[in-house]
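The chain contents come next:
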Amino acid sequence: MKMLALCNLRPAKLGAFESFIAHLGGEASARGHSLDVAFATEPIAPVAELLLEQGAGWHVIPGWSDGWTTHPWGLVRPAVQLIHDLQPDLVAVHFGNELPTAALILRARLSGLRPKWVWHQRQQIDPPRNLLKAKCSQIRILSLLCDHFVSLYDGGRNALRIRGIPERKLSAIYNGVPPF
């Protein structure tokens, strides 16, 4: 399986997420799969070296960030080109924005590209103020296009469920701490 992770990060440190994604690349490679990671800016040398050492490729999405500010809509066109070039079976979006990701999925499909799409919800979403807000939220719109949603804990999964995302599309992969 060929995987692409779109990570709206400016990797200026070798932190927990950068270490995790490199480890994931190593695990994928050991099992005969591949992982490429696309960042908003070029990673610092220790991050780039660790990714390559673990068998993960990395790329920069031009226009996604100017180094200081993220430009969510700058993702769409260059990411479609990257997906076309790499032909991944699965695209996972980490630290993304809902509407630009929905536009990316639509544009990729219109270009004939059909990978599976996974959204990684890493933090709690504020509770909707009313039922209309829950059913018309940006994440709900994205759910019409995305194949699966992963959260780091049950609270994140419940926040997605409240917005009408079908249970069959939801998973929680706990962030290093067993559930209570």
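So, here is what we can say about the structure in this document. On a predicted model such as this, the values are computed, not experimentally measured, just so you know.

1. What about unusual backbone geometry?
Phi is positive for Gln87, which is not a glycine, with a value near 50 degrees. Even without being a glycine, Phe95 presents a positive backbone phi close to 55 degrees.

2. Here's the deal with the packing of aromatic side chains
Scanning all chains against the criterion turns up two aromatic pairs. Their ring planes at 45 degrees and their centres at 6.2 Å tell us that Phe17 and Phe20 sit as a pair that is tilted. Here the residue Phe17 and the residue Phe20 both occupy positions in helix H1 (residues 16–30), the gap between them amounting to three residues, near one helical turn. Since its relative accessible area comes to 43%, Phe20 is described here as partly exposed. Three or more aromatic residues joined by ring pairs make a cluster, and in this case those are Phe17, Phe20 and Phe95.

3. Re the nonpolar core
Across soluble globular proteins, you tend to see nonpolar side chains buried next to one another. Ranked by size, the top nonpolar core spans 31 residues in total, and within it Leu6, Trp117 and Phe149 carry the most contacts. When contributions to this core are tallied by element, the ones reaching two or more residues are strand E1 (2–7), helix H3 (76–86), strand E4 (90–94), helix H4 (98–110), strand E5 (116–121), helix H6 (138–143) and helix H7 (154–162). No other element matches H3, which puts five residues into this core. If near-sequence neighbours (up to four positions away) are discounted, Trp117 is found in contact with Ile83, Val91, Val93, Leu104, Ile105, Ala108, Arg109, Cys146, Asp147 and His148.

4. As for the sheet that holds strand E3 (residues 57–60)
Strand order across the open sheet formed by seven strands is E3-E2-E1-E4-E5-E6-E7, with parallel pairing between neighbours. Edge positions in the sheet fall to E3 and strand E7 (170–172), since each has one partner strand and no second. The mean inter-strand angle of the sheet, taken between neighbouring strand axes irrespective of direction, is 20 degrees. As judged from the three bridges shared by strand E6 (residues 148–151) and E7, these two strands associate in the parallel manner. Looking across to E7, one finds that Phe149 is bridged to Leu170. Here H4 sits on the sheet and contacts E1, E4 and E5; the angle it forms with E5, its principal contact strand, is near 170 degrees. Its contacts with the sheet place H7 against E5, E6 and E7, and it is angled at close to 165 degrees to E7.

Conventions used here
- Sequence order sets the numbering: in each chain, residues are counted from 1 along the sequence as written.
- Note on the predicted model: pLDDT of at least 70 is required for a residue's local features to be given, and 80 or more for side-chain atom pairs to be given and counted; whole-chain, interface and lining totals, by contrast, use all residues.
- Hydrogen atoms and water are omitted, and side-chain values are computed over all heavy atoms in the structure.
- Only rings of Phe, Tyr and Trp enter the pairing, Trp through its six-membered ring, and a pair is recorded when the two centres are within 6.5 Å. The plane angle decides the type: under 30 degrees is stacked, over 60 is edge-to-face, the rest tilted.
- Here a helix means four or more residues in a row that DSSP labels H or I, a strand means two or more in a row labelled E, and each is numbered from the N terminus.
- Burial classification: accessible surface area is computed with a 1.4 Å probe over protein chains only, and a residue below 20% of its type maximum counts as buried, one above 50% as exposed, and the rest as partly exposed.
- Take the buried Ala, Val, Leu, Ile, Met, Phe, Trp, Tyr and Cys residues and link them wherever side-chain atoms come within 4.5 Å; each set so joined is a nonpolar core.
- We call two residues in contact whenever any of their non-hydrogen atoms come within 4.5 Å of each other.
- Two strands qualify as a pair provided DSSP detects at least 2 bridges between them.
- Between N-to-C directions, angles cover 0 to 180 degrees, with each direction set by a line fitted to C-alpha atoms, over the stretch in contact for helices.

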